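Observations on chain architecture
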Amino acid sequence: MENRANSLNIFGPCALESYSQIEPVAALLSRHKIKYIRTQLFKPRTNPDSFQGLGIDGLEILKKLRETYSSDDLKFVCEACSLDQLDIIAPWAAIIQIGARNMQNFELLKAVGKKMSEQNDYVLLKRGFANTVEEWLESARYLTQGGVPKEKIILCERGTRSVTSPTGVQMDFIAALAAKKAGYKVILDPSHGSKKAEYVIPLANASLALKLDGVMVECHPNPKESVSDAAQALSLNETELFIQESLHSTANN
Ligand code: PEP
Ligand code: MN
């Protein structure tokens, strides 16, 4: 079974927590030939007392995954929040993620191109939740000027603050379409873009209807026990249904 052509779909937990947490996610994605898995070692958290990620200890888990899944079949997506973190994740991540809070961390953006090698398929740049599309595109230009080819950039819309949405965040589809018009690959993150699991699949389907390049969805083998963003995590059953019904069924469209 093949995925949609040109699909850049990413699934996985908010944060890498343990081997027993990530292995069932890897197995599910591998069964469905989905390559990109979220394996975030470093988490930018609003609350300084909350889980900050496993940090470099998480590399042991990535090494263990490599014993079962080759780097062609399962590719890691990791966020860097600083230059030090970029050094740590660059050799492991097929997709280097720059998160919403660092969209205007210009020194970090400038450094990405220098750190990239053949094994880094893409840089994923999220839009800050209060940034304009113009600012987002200027940040993308920091990447290209630093040496990242434009075709290796994925822009990710992850929703903006909202005073009217019941969850405090709303998905800005027009921003995603505008970024697409500027010639970038664009995906949507309906997990942070809704903050609540019950809205994630409808928003992901809306993203697909817009014919963008893919989605990034948070899931967890046991959502209630997720150490971060538990309310928005899909279960693996829900994730599998979405993959079967929405991704595979549109494979020939
Ligand atoms: C994430 O995707 O792990 C994340 C922290 O999201 P954002 O930067 O959009 O808040
Ligand atoms: Mn999250």
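Our subject in this report is the structure included herewith. (Residues numbered from 1 in each chain as written. Chains lettered and ligands numbered in written order. Predicted model: local features only at pLDDT ≥ 70, side-chain atom pairs only at ≥ 80, totals over all residues. Heavy atoms only, no water.)

1. Observations concerning the site of ligand 1
- Close to ligand 1 lie Arg 38, Lys 43, Glu 79, Gln 97, Gly 99, Ala 100, Arg 101, Lys 126, Arg 158, His 192 and Met 216.
- Contacts to ligand 1 include Arg 101, whose side-chain N or O atom sits 2.8 Å from an oxygen atom.
- Relative to its unbound accessible surface of 290 Å², ligand 1 loses 97% to contact with the protein.
- Grouping the constituent residues of the shell around ligand 1 by class yields two nonpolar, three polar and six charged. (Near = heavy atom within 4 Å. Polar contact = N/O pair within 3.5 Å; in protein donor to acceptor, adjacent residues only side chain to side chain. Areas by Shrake-Rupley, 256 points an atom, 1.4 Å probe, with all protein chains shown as cover. Nonpolar A, V, L, I, M, F, W, Y, C, P; charged D, E, K, R; others polar.)

2. Points about the packing of helix α7 (residues 197–209) against helix α8 (residues 236–247)
- Following both chains from N to C, one finds α7 and α8 inclined at 25 degrees, their axes separated by 11 Å at the closest point. Compared by their axis directions, α7 and α8 come out roughly parallel. In this structure, α7 meets α8 at a crossing whose hand is right-handed. For the pair α7 and α8, contact is made by Ile 201, Ala 204, Asn 205 and Leu 208 and by Glu 238, Phe 242, Ser 246 and Leu 247, respectively.
- Looking at side-chain class alone, the contact of α7 with α8 contains five nonpolar, two polar and one charged residues. (Axes fitted to C-alpha atoms, helices over the stretch in contact; angles between N-to-C directions. Helix = DSSP H or I, 4+ residues; strand = E, 2+ residues; numbered from the N terminus. Parallel < 35°, antiparallel > 145°, perpendicular 65-115°, else oblique. Left-handed = near helix turned anticlockwise from the far one by under 90°. Contact = heavy atoms within 4.5 Å.)

3. Here's the deal with the sheet that holds strand β4 (residues 93–98)
- In spatial order, the strands read β1-β2-β3-β4-β5-β6-β9-β10; together these eight strands close into a barrel with parallel pairing. Adjacent strand axes in the sheet meet at a mean angle of 30 degrees when their direction is disregarded.
- Note that strand β5 (residues 122–126) and strand β6 (residues 153–157) share four bridges and pair parallel. What sits directly across from Leu 124, in β6, is Ile 154.
- Most of the contacts of helix α5 (residues 133–145) go to β6, to which it runs at about 155 degrees, and overall it touches β5 and β6. (Pairing = 2+ DSSP bridges.)

4. A short note on the state of the cysteines
- Throughout the structure, instances matching the rule amount to zero disulfides.
- Between Cys 78, a cysteine without a disulfide, and Cys 81, which holds the nearest cysteine sulfur, the sulfur-to-sulfur distance is 11 Å.
- Free cysteine Cys 219: the closest other cysteine sulfur is in Cys 14, separated by 11 Å.
- Residue Cys 219 is classed as buried on the basis of its relative accessible area, which comes to 1%. (Disulfide = S-S within 2.5 Å. Buried < 20%, exposed > 50% of the residue type's maximum accessible area, 1.4 Å probe, protein only.)

5. Description of α5
- In this model, α5 (13 residues) spans 18 Å end to end at C-alpha, consistent with the 18 Å of a helix rising 1.5 Å per residue.
- Regarding α5, the residues found buried are Val 133, Trp 136, Ser 139, Ala 140 and Leu 143. All buried residues of α5 lie within an arc of 120 degrees about the axis, which places them on one face of the element. Of the residues in α5, the exposed ones pointing more than 90 degrees away from the buried face are Glu 134 and Gln 145.
- Where α5 is buried, its residues touch α4 (106–115), β5, β6 and α6 (173–181).
- Backbone geometry just after α5 places Gly 147 at a positive phi near 110 degrees. (Expected span 1.5 Å × (residues − 1). Arc of directions from axis to C-beta.)

6. Considering α6
- By the burial criterion, the buried members of α6 are Ala 175, Ala 176 and Ala 179. Seen along its axis, α6 keeps its buried residues to an arc of 100 degrees; they face one direction. Residues Ile 174 and Lys 181 are exposed on α6 and point more than 90 degrees away from its buried face.

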